[in-house]
Amino acid sequence: MGTEPLDPVTAMTAYAAPPPRGAAFDAWRTWEGRDGADGVIAAGILAANARNVQPWRFTVGDHSTRIDVYADLGRRQGALDPFDRELYVGLGCALENMVLAARARGYEPELSLMPDPARPEHAAVVRLAPGERVPSELYDAIPHRRTNRGPFLRRPLPRPLLDEITALAGDDPDGPALLWFADDGGRDRVARLLVEATEAVIADEGQSLAGHRWYRGTDREIERSRDGMTVDTQGMPPLMSTLGKRLPAPSRRTADRFWLRNTRNVHVATAAAFGMVTVTDSDDRAQRMRGGRLLQRVHLFATARGLAVGHLNMMTVRADRERELGLPPRFGKALEELVGDPGRQALVTFRIGRPERAAGTSPRRPVAAVLGTDAG
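Treat the numbers as computed from the prediction; the structure is a model and nothing was measured. (Residues numbered from 1 in each chain as written. Predicted model: local features only at pLDDT ≥ 70, side-chain atom pairs only at ≥ 80, totals over all residues. Heavy atoms only, no water.)

Turning our attention to the overall build of the chain. Looking only at helices and strands, the chain features 15 helices and eight strands. Whereas a compact globule of 376 residues would reach a radius of gyration of roughly 21 Å, the chain reaches 19 Å, a difference of no more than 12%. Overall size of the chain, expressed as C-alpha extent along the three principal axes, is 50 × 50 × 45 Å. Scored against the burial criterion, the 376 residues of the chain give a buried share of 55%. (Helix = DSSP H or I, 4+ residues; strand = E, 2+ residues; numbered from the N terminus. Rg over C-alpha atoms; globule rule 2.2 N^0.38 Å. Buried < 20%, exposed > 50% of the residue type's maximum accessible area, 1.4 Å probe, protein only.)

This is the structure we're talking about:
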């Protein structure tokens, strides 16, 4: 192994703030107390997903041995995700948590992606057969994982550690893979493009409006929706977060300027490395979900090692918007150049490093809110 893991309790709890009080955060506290299919779903809803839209719903059948996973199309992000790239990546993240939870609880999960080609919203089927209990450090990391938008320590990550993370992809040449930008030249190149993509997003009225839709500024809004972005998850120092919750909600333009400033001065400036999940076809829904599963494994591995991950999806967001509107493919070409392999395409980009402080906890809808009885 390239680096020895920290003590598990220290590594996984040092940089994850405990869930705040309130029903909107109960899912983080109660997930392990659920049995059977409900317990597997309870793990799934704690997965990473863009802007915390939680784009999933589930049904349970065959005497609780079958879970059908659906894309909740009412939670599409419109101009920010015009081709549902991030929606299916988020579903893949949830599926990874579900598979890990099933194995840890004594099931042998069988996963089928896109089981009905005529219904693209039917994302997956998870069948639960009796099996051996298979605990893992990734499963243990599920309740401690957070998306971290705060500053990271300015320390490079050792190459053996990046190699360990790379190995999470497995050895399938047609499967998702990881690409790193860890040297000064690579980091500077990606950082510049991410800032430019952020500027392009906030200059696009449709994308700016789509992002602001998911901001929850008050405790009442958080408890009502149990989703979206909150003050506590923006990576600010605790005092600033406290003040932010007491002030009137910022205007959309003020929020956009804060995001750009944070992107430039915090997110890209303090990243130890940038990572990219690549696939052979980023338009294929099944490949998006496989890439999402890998992304979630990266999140959980990082959590177990005392590291943090933050999504930086601005380049792919802009590339998809360029396609939607028929614009010159500025960021589409930039991504092709970064990948440097005509047989692979960028799916998602993230930053990784050692966080300076704990990340805030996002609200989550409970299992009861995402379970349906209609499999149609």
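Now, onward.
This part is about a nonpolar patch on the surface. Together, Leu239, Leu243 and Leu247 make up an exposed nonpolar region whose accessible area comes to about 330 Å². Residue classification places Leu243 among the partly exposed residues on the basis of a relative accessible area of 45%. (Patch = residues over 30% accessible without salt bridge, like charges linked within 9 Å, V, L, I, M, F, W, Y side chains within 5 Å. Areas by Shrake-Rupley, 256 points an atom, 1.4 Å probe, with all protein chains shown as cover. Salt bridge = Lys/Arg side-chain N within 4 Å of Asp/Glu carboxyl O.)

Following both chains from N to C, one finds helix α13 (residues 314-325) and helix α14 (residues 330-339) inclined at 130 degrees, their axes separated by 7 Å at the closest point. One way to sum up the angle between α13 and α14 is to call them oblique. Read as a crossing pair, α13 and α14 show a hand that is left-handed. Residues Met315, Thr316, Arg318, Ala319 and Glu322 of α13 touch α14, and the partners they reach there are Arg330, Phe331, Gly332, Leu335 and Leu338. Each residue belonging to the contact of α13 with α14 can be placed in one class, and the counts come to five nonpolar, two polar and three charged. (Axes fitted to C-alpha atoms, helices over the stretch in contact; angles between N-to-C directions. Parallel < 35°, antiparallel > 145°, perpendicular 65-115°, else oblique. Left-handed = near helix turned anticlockwise from the far one by under 90°. Contact = heavy atoms within 4.5 Å. Nonpolar A, V, L, I, M, F, W, Y, C, P; charged D, E, K, R; others polar.)

What follows covers the confidence of the model for the chain. If pLDDT is low for a region, its predicted coordinates should not be looked at in detail. Across the chain, the average pLDDT comes to 93, with 95% of residues at or above 70. Every residue in residues 1-5 is under pLDDT 50, and counting partners more than four places away or in other chains gives seven contacts. (pLDDT = per-residue confidence, 0-100.)

Spatially, the four strands line up as an open sheet ordered β5-β6-β8-β7, and their pairing is antiparallel. The outermost strands of the open sheet, each flanked by one partner alone, are β5 (177-181) and β7 (308-311). Sheet twist, expressed as the average angle between the axes of neighbouring strands with direction ignored, equals 30 degrees. Two elements, β7 and strand β8 (residues 345-353), share four bridges in a ladder whose sense is antiparallel. What sits directly across from Gly310, in β8, is Arg351. The strands that helix α6 (residues 159-166) touches are β5 and β8; relative to β5, the one it contacts most, it runs at about 155 degrees. Contacting β5, β6 (273-279) and β8, α14 runs over the sheet at an angle of about 95 degrees to β6. (Pairing = 2+ DSSP bridges.)

Per the stated rule, a full pass over the model turns up two aromatic pairs. For the pair Trp180 and Phe350, a centre-to-centre distance of 5.8 Å together with 85 degrees between the ring planes defines the contact as edge-to-face. Here Trp180, found in strand β5, pairs with Phe350, found in strand β8; they are 170 residues apart in sequence, far enough to count as distant. Taken individually, Trp180 and Phe350 each receive the classification buried, so the pair is uniform in this respect. The side chain of Arg57 reaches across the aromatic face of Tyr70, ending 4.6 Å from its centre. Directly above the aromatic system of Trp28 lies the positively charged group of Arg146, at a separation of 4.4 Å from the ring centroid. (Phe/Tyr/Trp six-rings, centres within 6.5 Å; stacked < 30°, edge-to-face > 60°. Lys NZ or Arg CZ within 6 Å of the ring centre and 35° of its normal.)

Quick look at unusual backbone geometry now. A negative phi holds for most residues other than glycine; trans holds for most peptide bonds. Despite not being glycine, Asn52 shows a phi value in the positive range, around 55 degrees. Its location among the elements puts Asn52 in the loop between α3 (36-44) and β1 (56-61). Accessibility expressed as a relative area gives 4% for Asn52, which makes it buried.

A few words on the pattern of salt bridges. Tallying each qualifying case throughout the model produces 28 salt bridges. The salt bridge involving Asp26 is made with Arg29; its shortest N-O contact spans 2.8 Å. Linking Asp26 with Arg29, this pair stays in helix α2 (residues 26-30), spanning three residues, or about one helical turn. When its relative accessible area of 32% is taken as the criterion, Asp26 is described as partly exposed. Linking Glu199 and Arg264 is a salt bridge whose minimum nitrogen-to-oxygen distance equals 3.2 Å. With Glu199 in helix α7 (residues 184-203) and Arg264 in helix α11 (residues 252-267), this residue pair connects regions lying 65 residues apart in the sequence. For Arg264, a relative accessible area of 37% corresponds to the partly exposed category. Because the salt bridges share partners, they merge into one network encompassing Arg85, Asp283, Arg288, Asp320 and Arg323.

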